[in-house]
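What the coordinates show
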Amino acid sequence: MSWKSASIRALRLLVLGLTLAGLLALGLLGWEALRTWRQGPILIGFSGQLTGRYSDLGVQGRNGAQLAVEHINAAGGVLARPLRLLALDDLNTPEGALAADKALIDAGVVAIVGHMTSSQSMAALPLVNQTRTVLFSPTTSTPLLAGLPDHFFRNSPLSDQGAALLAEHVLALGLARVAVVCDKRNAEYSLPYAEAFTAHLQKLGGTLVQQVALDPGSPDANDAGLRELADQSVEALLIIASARDTASLAQHVATLLPRTRLLTTEWACSEALLRHGGQQVENMLVSVPSLMGKTTPALDSFSHSFFIRFGNRPTFAAERSYAAVFILAEALRHCQGTRDGLPKALLAIRNFHTLSGTLSLDAYGDVVSEAVIMRVQDGRFALVE
């Protein structure tokens, strides 16, 4: 054999050796990744009202969380492990919230996404603190849970900022005599909102004509409350209630108080308000966090994916639940997927990129955001410049 043939053969053997070594290394990496994946999924709970009159909020929240889990898993999961969402109905009662959360904790979730109303989040707080389980709410905005060193986190801004801005806007329109109707079944949200709105309204020279307690289970009582306002020269009426209840009240207001400008809160800012309210909610004003007033390519892509997956358009509840799961996933990467290290990892979140913009959590797990005014225009929510 010539030296030239020997050199070529040696080179081929070298290339073959390197190739086999490379394939072996890739194989080992693949087996390691597969072994890690086979450790089992990281369980994340969801707890919200999936049935009943507030179910539009809970179903949208669950679907947003589920879509986030699917997108994260398609990209490789968290620490090479898939996420799995366990969703339970909290029945929109304190007892239901506690039962759902206990079942999720017993199942081994690292965190719970929920609850979707302030009342249920406050009912669950002692349990999640006792068990040191993160409760991450996409929509709880009551200021009663702000500034507390606990296991409650949220990416929903506090409601009092929006309430103050709405009062300013109403007075700027020359509407000084305002009445408030608030749902007493979610008092932990509705009463602080009404208090913040009223305080700012009166500080700026406006007048609170009357505050009426709404009972969604008693239509006759609600009609009687609205009739009390008919002779009091009410110029604007703030309804603090769910989307469906707000839409229903708007129908009655159109008859009893036809020249009264309607206002509502972020709670009612969903497709259900537009669908059930129709023409009677046209021009209704609502204050929402500034991120809700923005449109981005990422948000458009999410909306398209959500529609393809679930057959309807996402609301703010779906968008925030989607973001909440991504925030939890990012924190889990920094604490090696452990529930014990999750609170500290969450508090380190800064400038997290969501579909609508960036947010940061403060030292107590709250997010601070400016508010903007939107109105119903041609059957859609439009930003008021």
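Located above this text is the structure these notes cover.
My aim in this report is to walk through the structure given alongside it, one point at a time. (Residues numbered from 1 in each chain as written. Predicted model: local features only at pLDDT ≥ 70, side-chain atom pairs only at ≥ 80, totals over all residues. Heavy atoms only, no water.)

This part covers the overall build of the chain. Tallying secondary structure elements over the chain gives 12 helices and 14 strands in all. The buried share of the chain, taken over its 385 residues, is 51%. Sequence separation of 24 or more characterises 69% of the internal contacts of the chain that already satisfy a separation of 6 or more. Looking at the chain as shown, the accessible area adds up to about 17,400 Å², and 56% of this sits on carbon and sulfur atoms. (Helix = DSSP H or I, 4+ residues; strand = E, 2+ residues; numbered from the N terminus. Buried < 20%, exposed > 50% of the residue type's maximum accessible area, 1.4 Å probe, protein only. Contact = heavy atoms within 4.5 Å. Areas by Shrake-Rupley, 256 points an atom, 1.4 Å probe, with all protein chains shown as cover.)

Right, let's get into unusual backbone geometry. Cis geometry is found at the peptide bond from Gly-114 to His-115, where omega equals -10°. Looking at the secondary structure, you find His-115 in the loop between strand 3 (111–114) and helix 4 (118–131). Notably, Gln-336 is not glycine yet its phi reads approximately 60°, a positive angle. Examined against the element boundaries, Gln-336 turns out to sit in the loop between helix 11 (316–334) and helix 12 (342–347).

Working definition: two side chains of opposite charge can pair if their charged atoms are close together. In the structure shown here, the tally under the stated rule is 7 salt bridges. A salt bridge links Asp-106 to Lys-102; the shortest N-O distance between them is 3.1 Å. Of the two residues, Asp-106 and Lys-102 both sit in helix 3 (residues 94–106), 4 residues apart, roughly one turn of that helix. (Salt bridge = Lys/Arg side-chain N within 4 Å of Asp/Glu carboxyl O.)

This part takes up the sheet that holds strand 4 (residues 134–137). On the basis of which strands lie adjacent, the open sheet formed by 5 strands has the order 2-1-3-4-5 and parallel pairing. Looking at which strands have only one partner, the edges of the open sheet turn out to be strand 2 (83–89) and strand 5 (152–154). Averaged over all neighbouring strand pairs, the angle between strand axes comes to 25°, with direction disregarded. Pairing geometry for strand 1 (residues 42–48) and strand 2, over 7 bridges, is parallel. (Pairing = 2+ DSSP bridges. Axes fitted to C-alpha atoms, helices over the stretch in contact; angles between N-to-C directions.)

This paragraph deals with the pairing of strand 3. Burial along strand 3 is two-sided: the residues Ala-111 and Val-113 and Ile-112 and Gly-114 are all buried. Summarising the sheet, strand 1 and strand 3 pair through 4 bridges and their orientation is parallel. In the sheet register, Ser-47 faces strand 3, and the bridge partner there is Gly-114. Bridge analysis of strand 3 against strand 4 gives 3 bridges, and the strand direction is parallel. Bridge pairing in strand 4 links Val-113 to Phe-136. At this point the chain moves from strand 3, through helix 4, to the parallel strand 4, and the crossover so formed is right-handed. (Right-handed = clockwise from strand over helix to strand, strands pointing away.)

As for its placement among the helices and strands, Asp-56 is situated in helix 2 (residues 55–74). No salt bridge is formed by the buried Asp-56. Its closest oppositely charged neighbour is Arg-244, at 4.7 Å. Apart from the residues within four sequence positions on either side, Asp-56 is in contact with Ala-243, Ser-270 and Ala-272. (Lys, Arg positive; Asp, Glu negative; His and termini not counted.)

Another aspect to go through is helix 4. Over its 14 residues, helix 4 runs 20 Å from end to end, which matches the ideal 20 Å to within 8%, given 1.5 Å per residue. The largest bend in helix 4 is about 40°, located at Ala-124, with the proline Pro-126 one to four residues further on. At its buried positions, helix 4 is contacted by helix 3, strand 3, strand 4, strand 5 and helix 6 (187–203). Arg-132 sits one or two positions beyond helix 4 and adopts a positive phi of about 55°. (Expected span 1.5 Å × (residues − 1). Bend = angle between axes of the 7 residues up to and from the residue.)

Turning our eyes to something else, we now look at the packing of helix 10 (residues 297–310) against helix 11. For any two helices packed against each other, one specifies the crossing angle of their axes together with the interaxial distance. Helix 11 packs onto helix 10 with a crossing angle of 105° between their chain directions and a minimal axis gap of 12 Å. In terms of their interaxial angle, helix 10 and helix 11 are classed as roughly perpendicular. Residues Leu-299, Phe-302 and Phe-306 of helix 10 touch helix 11, and the partners they reach there are Ala-318, Glu-319 and Tyr-322. Partitioned by chemical class, the residues of the contact of helix 10 with helix 11 number 5 nonpolar, no polar and 1 charged. (Parallel < 35°, antiparallel > 145°, perpendicular 65-115°, else oblique. Nonpolar A, V, L, I, M, F, W, Y, C, P; charged D, E, K, R; others polar.)

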